[in-house]
Amino acid sequence: MAANKGMSLTSHEERQDDVFTSHKSLEWFSYKVVIAFYSQRIERADFWGGESELLVLSKLCKQPITVYIPEREHKNSRGSGFIPIAEYGAEYCNGSGRRKARQIVRLLYSGRNHYDLLV
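Rules and cut-offs
Residues numbered from 1 in each chain as written. Predicted model: local features only at pLDDT ≥ 70, side-chain atom pairs only at ≥ 80, totals over all residues. Heavy atoms only, no water. Helix = DSSP H or I, 4+ residues; strand = E, 2+ residues; numbered from the N terminus. Buried < 20%, exposed > 50% of the residue type's maximum accessible area, 1.4 Å probe, protein only. Contact = heavy atoms within 4.5 Å. pLDDT = per-residue confidence, 0-100. Polar contact = N/O pair within 3.5 Å; in protein donor to acceptor, adjacent residues only side chain to side chain. Arc of directions from axis to C-beta. Salt bridge = Lys/Arg side-chain N within 4 Å of Asp/Glu carboxyl O.

Peer 1: I keep staring at the environment of K62 and nothing clicks. Help me out?
Peer 2: For K62, the position within the fold is in the loop between α2 (51-61) and β1 (65-70). Since its relative accessible area comes to 42%, K62 is described here as partly exposed. Considering only alpha carbons, one finds K62 and A90, 28 residues apart in sequence, at a separation of 9.4 Å. Beyond its immediate sequence surroundings of up to four residues, K62 is in contact with L57, Y92 and R102.

Have a look at this one:
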């Protein structure tokens, strides 16, 4: 990398530069592989979104989303209600300027990346 910029280095610095360049190339390659794999996976009809997709969906739609689990699944609890476990887009609950406050979409997480609308 330094040679491309016209810099001269000692042999020790050259080895460090080579290691850094190799690491960055491997990191970029790994990133591209992960993105390619994810892109193929998400196009499949049997792929269910998870936390990452809920976060992106909340931001794109400017929509607050809260995910709950049944209270009975929480340790040391015997209730019959629901406990919030994740919130996305809380900033969209309150209106600001010309934007109106949005109603929260409430989802029930029922295990293995499956969500149901909680009404």
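Peer 1: Got a minute to help me understand the confidence of the model for the protein in this structure?
Peer 2: The predicted coordinates of low-pLDDT regions are not to be read in fine detail. In this model, the protein carries a mean pLDDT of 77, and residues with pLDDT of at least 70 account for 69%. Across the protein, the secondary-structure element scoring lowest on mean pLDDT is helix α1 (residues 11-42), at 67, and the one scoring highest is strand β3 (residues 105-109), at 94.

Peer 1: Help me understand the side chain of S58, please; the structure alone is not making it clear to me.
Peer 2: Tracing the sequence through the fold places S58 in helix α2. By relative accessible area, which is 0% here, S58 ends up buried. Only 2.7 Å separates the side chain of S58 from the backbone oxygen of Q63, close enough to count as a polar contact. Apart from residues no more than four positions distant in its own chain, S58 is found in contact with Q63, I65, Y88, G89 and Y92.

Peer 1: Looking at this structure, how should I read α2?
Peer 2: Spacing of three or four residues puts side chains on the same side of an α-helix, whose turn is 3.6 residues. For α2, every residue scored as buried is listed here: E53, L54 and S58. The arc enclosing the buried residues of α2, seen along the axis, measures out at 135°, which places them on a common side. Turned more than 90 degrees from where α2 packs its buried face, S52 and L60 sit exposed. Trailing α2 by a residue or two, K62 shows a phi angle of about 50°, which is positive.

Peer 1: Is there a simple way to explain the pattern of salt bridges in this structure?
Peer 2: A pair can form between side chains of opposite charge whenever their charged atoms are brought close. Under the defined criterion, the tally for this structure stands at 2 salt bridges. Where D46 meets R44, a salt bridge forms, and the shortest distance between an N and an O atom there is 2.6 Å. D46 gets classed as partly exposed once you look at its relative accessible area, which sits at 48%. E91 is the salt-bridge partner of K59, the closest N and O atoms lying 2.5 Å from each other. Taken as a pair, K59 in helix α2 and E91 in the loop between β2 (82-88) and β3 lie far apart in primary sequence, 32 residues in all. Take K59: its relative accessible area is 38%, and that puts it in the partly exposed class. Judged by its relative accessible area of 40%, E91 falls in the partly exposed class.

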